[in-house]
Amino acid sequence: MARASIREALRLRSSLFSHPALGHSNFGLASSSSHSLSAPSDLGSDNREGKQSLHRRTVNLLERCHNMIQLSHIHAHLITRGLFQDVSLAGRVLKHSADYGDIKYMIFVFQDIESPDAFCINNVIRAYACSNTPHQAVVFYFEMLRDGFVPNTLTFPPLISSCAKTGCLKSGQKCHAQATKRGIDCLVRVQNSLIHLYACCGLINLAGQIFEEMCVRDLVSWNSIVDGFVKVGELGRAHHLFDKMPQRNVISWNIMITGYLNGGNPGCCLKLFREMMKTDLGGSHTTMVSVLTACGRSARLKEGRSVHGYLIKQFPSSSLIIDTALIDTYSKCRRVDAAKLVFDRMSARNLVCWNAMILGHCLHGNPADGLNLYEKMINEACSNDLNPNEGAGSSPDEITFVGVLCACARSRMLTEGRKYFNQMLDLFNIQPNFGHYWCMASLFAGVGLVEEALETIRNMPVNKNMSSESLLWARLLGSCRFEGNVILGEEIAKALIELEPNNPSCYVLLLNIYAVSGQWEEVARIKQTMKEKRMKEIAGFSLFDLKDFVHNLKLKDIVQQHMEEVNIMMAELSQRLSMLSPNSKRETGS
């Protein structure tokens, strides 16, 4: 591997400290500290105390290093004093840069180490595994292997975790083979990372096999296998293992609580939280956000208030993520006034909390208030661009415009709806997705322009986020919703159910057809049927569901995650409909 020269390091140091923001930085600790963190004075003094003393004082400086500016200062002076080739000091600089997440600087440091040891290499692997380029950990590992690196027990956990993060089974199996070759695959930490890897890649049986064969299991082992079953949707088996755990921590509870929430069962999520509160463990921010989300999704206002009271006692200082969750919860419980109180008291806001409040007004409260808040956000964002010390607004995204267009649809504000739709395209360069087109179609239908509503759905362009099959379903549902052509959609869905009576996808399609046509009694009946058959329910196509599915931007994810086979059958079923249902032609009037 190419080594960087001292001249390059000095050039880097010069560029760092010539920057106006860095030239006046305070390199010392707080003034109250008796030991100033001053690399020039400590490292530039006469070498009267000998190298050992200088080494010790340098280690002390590194231990008190708080940011990259201080680290680069220490690094540069180590080079000028000729101490950087001490691999123990160089390794500490490398570890600090890795801990700060500065990958480029870390690689620069690594290239300057003449003979990096396992400590240095393991830190680079760990840094890559934690970065947004985790695949580089595997590339780097095999590159070092060719250079003669001998991995140890600390090498494989982050290396295998990087494969889990990317979901690359092939790389993960290679790393598993490397661990087995060196006899390290039986260590608990390595086995835990292997369980996580195979669970992330969908091979839960293999993950379970590794778990069962473990001679010793720790808390991480149990959390990993429970999380694995949650990931593949096997909540029953996950809960069974959760109940068998010899001990649990907050992470254990969060895995199950979040699993039930994402699995569409907010009731079990809240039940688990109540059980957790009987233990000595207090919930983390992750716990509270999941519980508040569950309260909002199930419209449990009383429990939401109770959780809010608990938060006030346990977390005296406000948190951006928890405040945003409170806004979302109160809004979904139709208490937009309470959500607004939380929003108004926030000292700092980001786009997510602005969106939560805008959507709260637009979907659950007064649409006009939502549009006013949108205008306020835009004005503050413009003010912030002109004067960074003023304003706290944000530029809108696709979620913001779902709320804005829903507000126009609810209020039947055709002119404003068209204005905001064009603004989204022309001013903010946001490409519309299915949610936006559906809102516009609802707006057209609401003011009596049914033909324009149908044209909006029919002419919706295909983009990378929507397949042609998904577009076909959108047009079918649009026909049911805006043209009142429910019978055709109903017949197709019933034909699918007749062919596959135990396929939940077919019931979800029928449920959505009834939902978009406003037949809520039929919606309730289908939901009850699905419940009796123990099938998972999927959200329907009401305005209130738009926020939830617009994140994915794919219609097939809204209808059902596994609709590919049904999509392929649709054209054939349409042709065979008359054979499957003899009265269909008569009912459709054909």
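What counts, and at which threshold
Residues numbered from 1 in each chain as written. Predicted model: local features only at pLDDT ≥ 70, side-chain atom pairs only at ≥ 80, totals over all residues. Heavy atoms only, no water. Helix = DSSP H or I, 4+ residues; strand = E, 2+ residues; numbered from the N terminus. Buried < 20%, exposed > 50% of the residue type's maximum accessible area, 1.4 Å probe, protein only. Contact = heavy atoms within 4.5 Å. Areas by Shrake-Rupley, 256 points an atom, 1.4 Å probe, with all protein chains shown as cover. Salt bridge = Lys/Arg side-chain N within 4 Å of Asp/Glu carboxyl O. Phe/Tyr/Trp six-rings, centres within 6.5 Å; stacked < 30°, edge-to-face > 60°. Lys NZ or Arg CZ within 6 Å of the ring centre and 35° of its normal. Expected span 1.5 Å × (residues − 1). pLDDT = per-residue confidence, 0-100. Axes fitted to C-alpha atoms, helices over the stretch in contact; angles between N-to-C directions. Parallel < 35°, antiparallel > 145°, perpendicular 65-115°, else oblique. Left-handed = near helix turned anticlockwise from the far one by under 90°. Nonpolar A, V, L, I, M, F, W, Y, C, P; charged D, E, K, R; others polar. Disulfide = S-S within 2.5 Å.

### Quick look at the overall build of the protein chain
Here is step 1: Within the protein chain, the regular secondary structure consists of 35 helices and zero strands.
Here is step 2: Of all 590 residues assigned to the protein chain, the portion counted as buried reaches 48%.
Here is step 3: Expressed as a percentage of contacts within the protein chain between residues at least 6 apart in sequence, the contacts between residues at least 24 apart total 61%.
Here is step 4: Taken as a whole, the protein chain presents about 28,800 Å² of accessible surface, with 51% of it coming from carbon and sulfur.

### What to know about the pattern of salt bridges
Any two side chains of opposite charge can pair, given that their charged atoms come close.
Here is step 1: Applying the stated criterion to the full structure yields 13 salt bridges.
Here is step 2: Close ionic contact of E234 with R237 constitutes a salt bridge, the shortest N to O distance being 3.3 Å.
Here is step 3: Owing to a relative accessible area of 45%, R237 belongs among the partly exposed residues under this scheme.
Here is step 4: Of the charged contacts, one joins D337 and R335 as a salt bridge, the two residues approaching to 2.8 Å between their closest N and O atoms.

### As for unusual backbone geometry
Both trends apply: most residues other than glycine have a negative phi, and most peptide bonds are in trans.
Here is step 1: Even without a glycine there, the phi angle at A299 is positive, about 55 degrees.
Here is step 2: Looking at A299, the relative accessible area reads 48%, which means it is partly exposed.
Here is step 3: In this structure, N429 is a non-glycine residue whose phi angle is positive, near 55 degrees.
Here is step 4: The residue N429 is located in the loop between helix 25 (414-426) and helix 26 (434-446) in this model.

### Re the packing of aromatic side chains
Here is step 1: Tallied over the entire structure, the rule returns 14 aromatic pairs.
Here is step 2: Seen in terms of ring centroids, Y141 and F149 are 6.4 Å apart; in terms of plane orientation they differ by 90 degrees. Their pairing is edge-to-face. Neither residue differs from the other here; Y141 and F149 are each classed as buried.
Here is step 3: Positioned over the ring face of W354 is R349, at 5.5 Å from the centre of the ring.

### Thoughts on helix 26
Here is step 1: Given a rise of 1.5 Å per residue, 13 residues ought to cover 18 Å, and the 18 Å separating the end C-alpha atoms of helix 26 matches this to within 8%.
Here is step 2: Among the 13 residues that make up helix 26, twelve are buried, leaving the element largely enclosed by the rest of the structure.
Here is step 3: Of all the residues in helix 26, the buried ones are F434, G435, H436, Y437, W438, C439, M440, A441, S442, L443, F444 and A445.
Here is step 4: Among the residues trailing helix 26, G448 stands out with phi positive, at a value near 90 degrees.

### Here we look at the confidence of the model for the protein chain
Here is step 1: Averaged over all residues, the pLDDT of the protein chain equals 77, while 73% of them reach at least 70.
Here is step 2: Contacts of residues 1-46 to residues separated by more than four positions or lying in other chains number 74 contacts, the stretch itself having pLDDT below 50.
Here is step 3: Segment residues 537-590 is flagged for pLDDT under 50; beyond a separation of four residues in sequence, or across chains, it makes 100 contacts in the model.

### A closer look at the side chain of S162
Here is step 1: Topologically, S162 is positioned in helix 10 (residues 156-166).
Here is step 2: Excluding anything up to four places from it in sequence, S162 contacts A129, P134, A137 and V138.

### Remarks on the packing of helix 22 (residues 351-364) against helix 24 (residues 398-411)
Here is step 1: Following both chains from N to C, one finds helix 22 and helix 24 inclined at 15 degrees, their axes separated by 8 Å at the closest point. With respect to helix 24, the element helix 22 is oriented roughly parallel. The crossing of helix 22 and helix 24 is left-handed. Between helix 22 and helix 24, the contacting residues are L351, N355, I358, L359, H361, C362, L363 and H364 on the first element and I399, T400, V402, G403, V404, C406, A407 and R410 on the second.
Here is step 2: In the contact of helix 22 with helix 24, the residues fall into ten nonpolar, five polar and one charged.

### Quick notes on the state of the cysteines
Here is step 1: The full count for this structure, using the stated rule, is zero disulfides.
Here is step 2: Not part of a disulfide, C186 finds its nearest cysteine sulfur in C215, a span of 7.0 Å.
Here is step 3: A residue is classified by how much of its surface remains accessible, and C186, at 59% relative accessible area, is exposed.

### A few points about the environment of I487
Here is step 1: Considering the arrangement of structural elements, one finds I487 in helix 29 (residues 486-499).
Here is step 2: For I487, a relative accessible area of 34% puts it in the partly exposed group.
Here is step 3: When the C-alpha atoms of I487 and I513 are compared, they prove to be 9.4 Å apart, with 26 residues separating the residues in sequence.

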